[in-house]
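Read off the chains here:
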Amino acid sequence: MLPPTESLLKYNTPVLVSKSTDRKSPKGRPLRVSPQQPVDSGPVPPPPKSKSASTEATRQENEEILNAILPPREWTEGNQLWVQQVSSAPCTRTDVVHLEELLDMKLQQRQARETGICPVRRELYSQCFDELIRQVTINCAERGLLLLRVRDEIQMTIAAYQTLYESSVAFGMRKALQAELGKADMEERISDLETEKQALKDQLNEQKAKCDAIEKRENERRQLEEKKHAEEVQALKKSYQQLKTQLEGIIAPKK
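Residues numbered from 1 in each chain as written. Predicted model: local features only at pLDDT ≥ 70, side-chain atom pairs only at ≥ 80, totals over all residues. Heavy atoms only, no water.

## Let's talk about the overall build of the protein chain
Basically, it comes down to this: In this description a helix means any DSSP run of H or I spanning at least four residues, a strand means any run of E spanning at least two, and both kinds are numbered starting from the N terminus. Relative accessibility thresholds used throughout: buried, under 20% of the residue-type maximum; exposed, over 50%; partly exposed, between the two (1.4 Å probe, protein chains only). Contacts: residue pairs with any heavy atoms within 4.5 Å of one another. We get accessible surface area from the Shrake-Rupley algorithm with a probe of 1.4 Å; when it comes to residues, only the shown protein chains can shield them.
A tally of helices and strands in the protein chain yields 4 helices and 3 strands. Overall, the protein chain shows an N-to-C arrangement of helices and strands of β-α-β-β-α-α-α. When each of the 255 residues of the protein chain is scored for burial, the buried share is 14%. Taking as baseline every contact in the protein chain between residues at least 6 positions apart, the subset at least 24 positions apart corresponds to 67%. Counting only carbon and sulfur atoms, one obtains 57% of the accessible surface of the protein chain, whose full area is about 21900 Å².

## Quick look at the pairing of strand E2 (residues 73-77)
Condition: Between any two strands, at least two bridges found by DSSP are needed for them to pair.
Note that E2 and strand E3 (residues 80-84) share 5 bridges and pair antiparallel. In the strand pairing of E3, Thr 76 is matched with Leu 81. Linkage of E2 to E3, two consecutive antiparallel strands, is achieved through a turn of 2 residues, within which Gly 78 is found at a positive phi near 70°.

## A short note on the packing of helix H2 (residues 93-109) against helix H3 (residues 119-139)
Using the following cut-off: In this analysis, axes come from line fits to C-alpha atoms, helices being fitted only over the stretch in contact, and the angle between any two N-to-C directions falls in the range 0 to 180 degrees. Oblique is the label for any angle not under 35 degrees, not over 145, and not in the 65 to 115 range, which are roughly parallel, roughly antiparallel and roughly perpendicular in turn. For this classification, Asp, Glu, Lys and Arg are treated as charged, while Ala, Val, Leu, Ile, Met, Phe, Trp, Tyr, Cys and Pro are nonpolar and the rest, including Gly, are polar.
Packing of H2 against H3 brings their axes to within 10 Å, and their N-to-C directions diverge by 170°. On the basis of their axis angle, the class for H2 and H3 is roughly antiparallel. Contacts between H2 and H3 involve Val 96, Leu 99, Leu 103, Lys 106 and Leu 107 on the former and, on the latter, Arg 121, Leu 124, Tyr 125, Cys 128, Glu 131, Leu 132 and Gln 135. Looking at the contact of H2 with H3 residue by residue, the class counts come to 8 nonpolar, 1 polar and 3 charged.

## Some details on the pattern of salt bridges
Threshold: The salt bridge definition used is simple: a Lys or Arg side-chain nitrogen within 4 Å of an Asp or Glu carboxyl oxygen.
Overall, the coordinates contain 7 salt bridges when judged by the stated rule. Salt-bridge contacts for Arg 110 lead to Glu 123; the nearest nitrogen and oxygen are separated by 3.2 Å. Taken together, the residues Arg 110 in the loop between H2 and H3 and Glu 123 in helix H3 connect sequence positions 13 residues apart. Residue classification places Arg 110 among the partly exposed positions, given a relative accessible area of 39%. Residue Glu 123 is classed as partly exposed on the basis of its relative accessible area of 34%. Arg 134 is paired through a salt bridge with Glu 131; the nearest N and O atoms lie 2.8 Å apart. Placement of the pair is Arg 134 and Glu 131 together in helix H3, with a separation of 3 residues, close to one helical turn.

## Considering the nonpolar core
Note the cut-off: Here the nonpolar core consists of buried residues drawn from Ala, Val, Leu, Ile, Met, Phe, Trp, Tyr and Cys, with membership extended through side-chain atoms lying within 4.5 Å.
In this structure, Leu 9, Tyr 11, Ile 65, Leu 66, Ile 69, Leu 70, Val 86, Ile 133, Ile 138, Ala 141 and Leu 148 together form the largest nonpolar core, which totals 11 residues. The greatest single-element share of this core, amounting to 3 residues, is contributed by helix H1 (residues 51-69). Ignoring any residue separated from it by four or fewer positions in sequence, one finds Leu 66 in contact with Val 86, Ser 87, Ser 88, Arg 134, Thr 137 and Ile 138. If you look at the next biggest cluster of nonpolar residues, it comprises 9 residues, including Leu 107, Cys 118, Leu 124 and Cys 128.

## Topic: the packing of aromatic side chains
Condition: Pairing of aromatic side chains here covers Phe, Tyr and the six-membered ring of Trp, requires ring centres within 6.5 Å, and sorts the geometry by plane angle: under 30 degrees stacked, over 60 edge-to-face, intermediate tilted. The rule for a charge over a ring is simple: NZ of Lys or CZ of Arg within 6 Å of the ring centre, and within 35 degrees of the ring normal.
Scanning the model with the defined rule gives 0 aromatic pairs in all. Positioned over the ring face of Tyr 11 is Arg 73, at 3.9 Å from the centre of the ring.

## A closer look at a negative patch on the surface
Just so we agree on the cut-off: In this scheme, patches are assembled from residues that exceed 30% relative accessible area and form no salt bridge. Like charges are connected within 9 Å, while nonpolar side chains (Val, Leu, Ile, Met, Phe, Trp, Tyr) are connected within 5 Å. Neither His nor the chain termini are counted; the positive set is Lys and Arg, and the negative set is Asp and Glu. By convention, the point assigned to a charge is CZ for Arg, NZ for Lys, CD for Glu and CG for Asp.
A cluster of acidic residues, Asp 185, Glu 188, Asp 192 and Glu 196, forms a negative patch on the protein surface. Positionally, Glu 196 belongs in helix H4 (residues 141-251).

## So, a nonpolar patch on the surface
On the surface, Val 150, Ile 154 and Ile 158 cluster together into a nonpolar patch covering about 210 Å² of accessible area. Take Val 150: it is sitting in helix H4. According to the relative accessible area criterion, Val 150 is partly exposed, its value standing at 37%.

Below you can see the structure in the form of structure tokens.
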């Protein structure tokens, strides 16, 4: 495992941890103490706690809380296990200003995007927030625990949004695939309808051609019938005129 990369969170110097567990510490013999006669039978008041002991206990408690909030980093180099705990040194205003400058420098060096979703920017700001939690926890453990709750809530919300985003992307991909499949079916149906439409157009043109031929033939037949009828009428008129003339010729001498 490679050693961890540089972080905005301040750590102590790495410590080499021995991995050998074969050697066991020998069991100590119990210490025998001869009983002593009590000097005074009255209650003995406990010794007063010094101010330095109380401060040391508070500092140790804050360090335990700090290690629980920000666990130490571990890595191996060869057969050696290294552990690096977060620093418990109190911070000053200069440290905060330096942290801000370091954050801006890291954002510029790693070319983090200023807007939109950027994993690099999120990682650096997360490290900066952890460093602020460390600085606050050293002075006030309760305030550090409250900031830890805020950090966990933010991470949980981001994880929920990420899950929702991945789910929506998967849903979109499924819909896109369904649309592609539906598109192929619709294109096939459109092709079939186009073929059917062309066949119907061919039938329509064929029927129109038949209709035009029938209409032309009927027009020619009608013209022939009209011509024949006109000739018959003309012949009848002529015959009528001849008969009329003959009839008048027959009737005229009698007068």
